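Below are the chains, spelled out letter by letter.
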Amino acid sequence: MVLALTVCGIVVALVVVGLFLFGLRRRLIQRSGGTFDCSLRWDLPEKPDTGGKGWSYGVARYNGDRIEWYRVFSYAPRPRRVLERGQIEVAGRRLPEGEEELALLSDSVVLACAHRGTRLELAMSEDALTGFLAWLEAAPPGQRVNVA
C-alpha cells in the first residue's frame, strides 16, 4: 500500500512538473514580446488535404527579419522552424475547410505560403494575420517581398 501511494505521488509530481515546464517555456518565449498563436503545416503536396491532418499548434515570435515558430507541446528551447522575411512568398488566404475547423483555433485564417521553395500553411487569427502581413510589407528597401 505504501509503495502504491509512493508511486502515485511520484507520477502526480512528474505531471505537475511537466505542466509547469510547459508554462515556463511559453512564458520565456513570450517574454520578449511580438508573439502570436499560429498553427503550421509544413511541406505540403500540390493539393493539400483539408481533413485537418498535418497541423501543429504553436507560437510564433517576431525576431528582427525572422519569424521563429515553436511547437506548443514540446520542451525544446529552440524554434522548430525559422522563416526569413525575404524568403516568404504569400500565395493566398482562405478560411478553414472541413475537419480543419476542428484542428485549428476558432476564427483562424489559413495563409498559403512558400519559404525557400517549401510549401506551407500558417493558420492564425485575423488580428495576427494583419500584423503578419504588415510585418512582411515593412521589409527594408531593396528586400524582395511577395504578397499576393
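Counting restarts for each chain, with residues numbered from 1 along the sequence as it is written. The model is predicted, so local features are restricted to residues of pLDDT at least 70 and side-chain atom pairs to those at 80 or more, both for listing and for counting; the totals for chains, interfaces and linings are taken over all residues. Side-chain numbers come from the whole structure's heavy atoms, not from hydrogens or water.

Engineer: Could you give me a rundown of the pattern of salt bridges, with the residues and numbers involved?
Structural biologist: Salt bridge criterion: a side-chain nitrogen from Lys or Arg within 4 Å of a carboxyl oxygen from Asp or Glu. In this structure the tally under the stated criterion is nine salt bridges. Across the pair Arg94 and Glu100 runs a salt bridge whose closest N-O atoms are separated by 2.7 Å. The cut-offs for exposure are 20% and 50% of the maximum accessible area for each residue type, with area from a 1.4 Å probe on protein chains only; residues under the lower value are buried, those over the upper are exposed, and the others partly exposed. For Arg94, a relative accessible area of 21% puts it in the partly exposed group. Two residues, Glu121 and Arg94, come together in a salt bridge whose shortest N-O distance is 3.1 Å. With a gap of 27 residues between them, Glu121 in strand E8 (residues 118-125) and Arg94 in strand E6 (residues 88-94) connect regions that are remote in the sequence. Given a relative accessible area of 3%, Glu121 falls into the buried group. Strands here mean DSSP runs of E at least two residues long; helices mean DSSP runs of H or I at least four residues long; both are numbered from the N terminus.

Engineer: Outline the sheet that holds strand E1 (residues 35-37), listing residues and values.
Structural biologist: Note on pairing: DSSP must find at least two bridges between two strands before they are called paired. Taken together, four strands build an open sheet; the order of strands is E1-E3-E4-E5 and the sheet is antiparallel. In this open sheet, the two edge strands, each paired with only one partner strand, are E1 and strand E5 (81-84). Going from strand to strand, the sheet's axes swing by 20 degrees on average, the running direction of each strand aside. Examined bridge by bridge, strand E4 (residues 66-71) and E5 share four bridges and lie antiparallel to one another. Lines are fitted to the C-alpha atoms to define the axes, a helix being fitted only along its stretch in contact, and any angle between axes, read from their N-to-C directions, falls within 0 to 180 degrees.

Engineer: Kindly report on the nonpolar core, identifying the contributing residues and their values.
Structural biologist: The nonpolar core is taken to be a set of buried Ala, Val, Leu, Ile, Met, Phe, Trp, Tyr and Cys residues, with the residues joined through side-chain atoms within 4.5 Å. Counting residues in each nonpolar core, the largest one holds 21 residues, and the members touching the most others are Phe36, Ile88, Leu122, Met124 and Phe132. For this core, the secondary-structure elements that each account for two or more residues are E4, E6, strand E7 (108-115), E8 and helix H3 (126-137). The element contributing the most residues to this core is H3, with six residues.

Engineer: Could you give me a rundown of the UniProt feature "transmembrane region" (unreviewed entry) in the protein chain, with the residues and numbers involved?
Structural biologist: Within the UniProt annotation, "transmembrane region" (unreviewed entry) is assigned to residues 6-24. Each end of residues 6-24 is marked by a C-alpha atom, and these two atoms are 27 Å apart; helix forms 100% of the span and strand 0%. UniProt positions are given in the numbering used here, feature names are shortened, and annotations may be inferred rather than shown by experiment.

Engineer: Give me the pairing of E4: which residues, what numbers.
Structural biologist: Here six bridges tie strand E3 (residues 58-63) to E4, and the two strands are oriented antiparallel to one another. Of the residues in E4, the one forming a bridge with Arg61 is Glu68. Turn length for the E3-E4 hairpin, with the two strands adjacent in sequence and antiparallel, is two residues, and the turn residue Gly64 shows positive phi of about 65 degrees.

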